Amino acid sequence: MTSVPPSVKPDLDRQLQRQSIWLRESWFWLLETKVLCEYVDLRRKPTALDVGCGPGVVMELLEELLDIQGIDIDRDMVDACLSKNLRVKEAAAEELPFEDGTFDIVYCSFLLLWVKDPVKVVKEMKRVSRRWVICMAEPDFGARIDYPEDVSVLSRMITEGIRCEGGDPLIGRKLRAIYGHCGLEPDLGIHQGIWSLDKLRVESEAEWKYIEMTVAPERKGIELDKAKLAWNDALANGTLFQFNPIFYAFGHKLPLAPHMDE
Ligand SMILES: C[S@@+](CC[C@H](N)C(=O)[O-])C[C@H]1O[C@@H](n2cnc3c(N)ncnc32)[C@H](O)[C@@H]1O
């Protein structure tokens, strides 16, 4: 996914909004407990770069805590950010147009699954960071659990769909290895993701929009219809279960630099 196909853009925006709503609490907690506690004496917000910022959903959410700029390779995404008065540049994650150590924090979310060489991207993020190199969220669809049995095919179908689009659906489990190749030892974890039945009822329609957008066209046949029927039955009789692990990785470079006294 070097740039997002036009047909996918309206749905992508909705999906990114959903993701940031699920993850908001977890992101705030992680940033406050792991990162921002280092900057309490700073008389400004820590500076941050959002790499592969998309339409700026995460930047809007985190600008309360951070002084953020973004980059994205897709012109439409850059324009969407500019229309919201966000600071953004059109650039590739593999070649960030910034000097070494420009930002206190460099982060990405739902980016590494779409790039050809995630190690190159994380190395580049490390280069332009003074301190923190954070992967806020990367999924692992191979570890997705759905119940009942007829719904459990979704993990395989979504995994294949993402591979067909050139993505890596198993990126979540690779974060330690990717960071390790960049000389970083991150704290890794999974965002809490078990939905209540009420939340599943509310999310069901949007989740199926995402599934139908992601599953490879040639697989959108009887198997998917059967899975949707089984999903709806299980939702109605209260037995549906869905869990998709979304991983995070918080890595840092060096002891705190003297700029902390500014
Ligand atoms: C799934 S979206 C995630 C957007 C945003 N980070 C979020 O979580 O809401 C992935 C974004 O990464 C961008 N992207 C993909 N490959 C890129 C690359 N090599 N360099 C910069 N941006 C890239 C896409 O254009 C898209 O906007």
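Each chain carries its own residue numbering, running from 1 in the written order of its sequence. Two thresholds apply to this predicted model, a pLDDT of at least 70 for residue-level local features and 80 or more for giving and counting side-chain atom pairs, whereas whole-chain, interface and lining totals are computed over all residues. Excluded from the side-chain calculations are hydrogens and water; all other atoms, namely the structure's heavy atoms, are used.

(A) Expanded view of the sheet that holds strand β3 (residues 88-90). Strands were regarded as paired on the criterion that DSSP finds at least two bridges between them. In this text, helices come from DSSP runs of H or I with a minimum length of four residues, and strands from runs of E with a minimum of two, each type numbered from the N-terminal end. A sheet is described by the order of its strands in space; here seven strands give the open sequence β3-β2-β1-β4-β5-β9-β7, paired in mixed fashion. Bordering the open sheet on either side are β3 and β7 (187-190), each of which pairs with just one other strand. The sheet shows a mean angle of 15° between the axes of neighbouring strands, taken without regard to direction. Across three bridges, the pairing between strand β2 (residues 67-72) and β3 is parallel. Paired with glycine 70 across the two strands is valine 88, which belongs to β3. Every residue pair with non-hydrogen atoms within 4.5 Å of one another is taken to be in contact. In this analysis, axes come from line fits to C-alpha atoms, helices being fitted only over the stretch in contact, and the angle between any two N-to-C directions falls in the range 0 to 180 degrees. Packed on one face of the sheet, helix α3 (residues 75-83) meets β2 and β3 and runs near 160° to β3. Contacts from helix α4 (residues 118-128) reach β1 (47-51), β4 (103-109) and β5 (129-139) within the one sheet, and its direction differs from that of β5 by about 145°.

(B) Expanded view of the packing of aromatic side chains. Centres within 6.5 Å make a pair out of two Phe, Tyr or Trp rings, where for Trp the six-membered ring is used; the pair is then stacked when the planes are under 30 degrees apart, edge-to-face when over 60, and tilted otherwise. Tallying each qualifying case throughout the model produces five aromatic pairs. Between phenylalanine 98 and phenylalanine 103, the ring centres sit 5.0 Å apart and the planes meet at 80°, which makes this aromatic pair edge-to-face. Across the pair, exposure class does not vary: phenylalanine 98 and phenylalanine 103 are buried alike. Relative to tryptophan 231, the ring of tryptophan 208 lies with its centre 5.8 Å away and its plane at 90°, an arrangement referred to as edge-to-face. Placement of tryptophan 208 in helix α7 (residues 197-214) and of tryptophan 231 in helix α8 (residues 222-237) is noted, with a sequence separation of 23 residues between them. When accessible area is computed with a 1.4 Å probe and restricted to protein chains, residues below 20% of their type maximum are described as buried, those above 50% as exposed, and intermediate ones as partly exposed. Assessed through its relative accessible area of 3%, tryptophan 208 is described here as buried. Taken together, the ring pairs connect Trp132, Tyr248 and Phe250 into an aromatic cluster. Two limits define a charge over a ring: the Lys NZ or Arg CZ must be within 6 Å of the ring centre, and within 35 degrees of the ring normal. For the cation-ring pair, arginine 24 lies above phenylalanine 28, with the distance from its terminal atom to the ring centre recorded as 4.4 Å.

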